[in-house]
Amino acid sequence: MSRRHLTSRQLETFVTVARLGSFSRAAEALHLTQPAVSIQIRQIADSVGLPLFEQSGRDIRLTAAGHELLQTARELDDSWSRFASAIDALKGLRKGRLRVALVTTAKYFLPRMLGNFCRRYPDIDIELEVANRARIVERLRANEDDLYIMSFPPEELDVVARPFLDNPLVVIAPVDYPLPAGPLTLADLVAHPFLLREAGSGTRRAIDRHLLKSGHALNVKLSLGSNEAIRDLVATGMGLAILSRHVLGESPAQSGIRILEVEGFPLRQPWSVVHLRQKILSLPARAFMDELLPALDGAPPQGG
């Protein structure tokens, strides 16, 4: 089929329906009527020669042809963004768009870095997505963003990962929690209740890997997907936890928490900025990587 049979407006409509999983929600987001959206999707399907969506109960999902078109539309968007950024640079401007997705724990430090970047390049528009690791990996696989911030890049994808910041994981307890004096070992703590991040999160992966190496098992009383909830529950005396130092703020004691001195801790799994190896990075994405990686200039990237 010829590319000229599809308009940019049709592609935008298709991508919106795919992203929201609903014709009605896409119509609302695009300020169109639902019949207008349906007509555009039908026109694209007629040009392609295959259906793009199939019904699954009350929901719709992409067909194989729909997945191929969505990937192509995102690659076209990447290429256009790179072209637009290059033209702006040739004009002496630094305009453009930067899309960054990050795992939830990274929200404690990355906004400050983005703030510095925005002050340096005030005409670059920022789109920020914060979600759990599973959702961020899903977005990475679908090439939805420019850059991704996580501590465990997915090994199953072909990515470039550049470490840029330490991520120390520490053991915390309520300030008045009864524990032996002096340095502790994991063996001293295994009988105590622990509150940990959910399985699959970067924090939990680092913890489980360390426990496997040390041969210890913790008494996990509760698994949660929220750093804040774990931090606050520890302060109430519910038990111990292992969290990123970034979560605790400047003065943990003011929140009713103390950091324990435990052999083997802090665990250190650095934060990395990640993108698909075949990704065509826009000028704003390259500029932001330069902002994150001043100390690693010239260091070889790591593959996924």
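Because the structure is predicted, anything quoted here is derived from the model rather than measured.

Caption draft 1: Region of interest: the overall build of the chain. Secondary structure assignment for the chain yields 10 helices and 14 strands. By sequence separation, contacts in the chain at least 24 residues apart represent 74% of the contacts at least 6 residues apart. Carbon and sulfur atoms make up 52% of the accessible area of the chain, which amounts to about 15700 Å² in all. Taking the 37 positively charged and 34 negatively charged side chains of the chain as two groups, their mean positions are separated by 2 Å.

Caption draft 2: Up close: the packing of aromatic side chains. Taken as a whole and assessed by the stated rule, the structure comprises 7 aromatic pairs. On the basis of an interplanar angle of 55° and a centroid distance of 6.3 Å, the ring pair of F109 and F164 is categorised as tilted. Of this pair, F109 sits in the loop between β3 (96-103) and α5 (110-120) while F164 sits in strand β6 (residues 159-165); the two residues are 55 residues apart in sequence, bridging distant segments of the chain. A single burial state applies to F109 and to F164, both of which are buried. With 5.2 Å between their ring centres and 50° between their planes, F109 and W271 make a pair best called tilted. With a gap of 162 residues between them, F109 in the loop between β3 and α5 and W271 in strand β13 (residues 271-276) connect regions that are remote in the sequence. The exposure classification of F109 matches that of W271, with both residues buried. Feature note: the residues F14, F23 and F53 constitute an aromatic cluster, connected by ring pairs.

Caption draft 3: Structural context of the environment of S85. Here S85 is to be found in helix α4 (residues 64-90). It is 31 Å that separates the C-alpha atoms of S85 and L62, two residues lying 23 residues apart in sequence.

Caption draft 4: A look at the confidence of the model for the chain. Looking at the chain, pLDDT values average 87 and 93% of them are 70 or higher. The least confident element of the chain, judged by mean pLDDT, is strand β14 (residues 302-303) at 48; the most confident is strand β5 (residues 147-150) at 96. Segment residues 295-304 is flagged for pLDDT under 50; beyond a separation of four residues in sequence, or across chains, it makes 19 contacts in the model.

Conventions and cut-offs
- Residues numbered from 1 in each chain as written.
- Predicted model: local features only at pLDDT ≥ 70, side-chain atom pairs only at ≥ 80, totals over all residues.
- Heavy atoms only, no water.
- Helix = DSSP H or I, 4+ residues; strand = E, 2+ residues; numbered from the N terminus.
- Contact = heavy atoms within 4.5 Å.
- Areas by Shrake-Rupley, 256 points an atom, 1.4 Å probe, with all protein chains shown as cover.
- Lys, Arg positive; Asp, Glu negative; His and termini not counted.
- Charge placed at Lys NZ, Arg CZ, Asp CG, Glu CD.
- Phe/Tyr/Trp six-rings, centres within 6.5 Å; stacked < 30°, edge-to-face > 60°.
- Buried < 20%, exposed > 50% of the residue type's maximum accessible area, 1.4 Å probe, protein only.
- pLDDT = per-residue confidence, 0-100.

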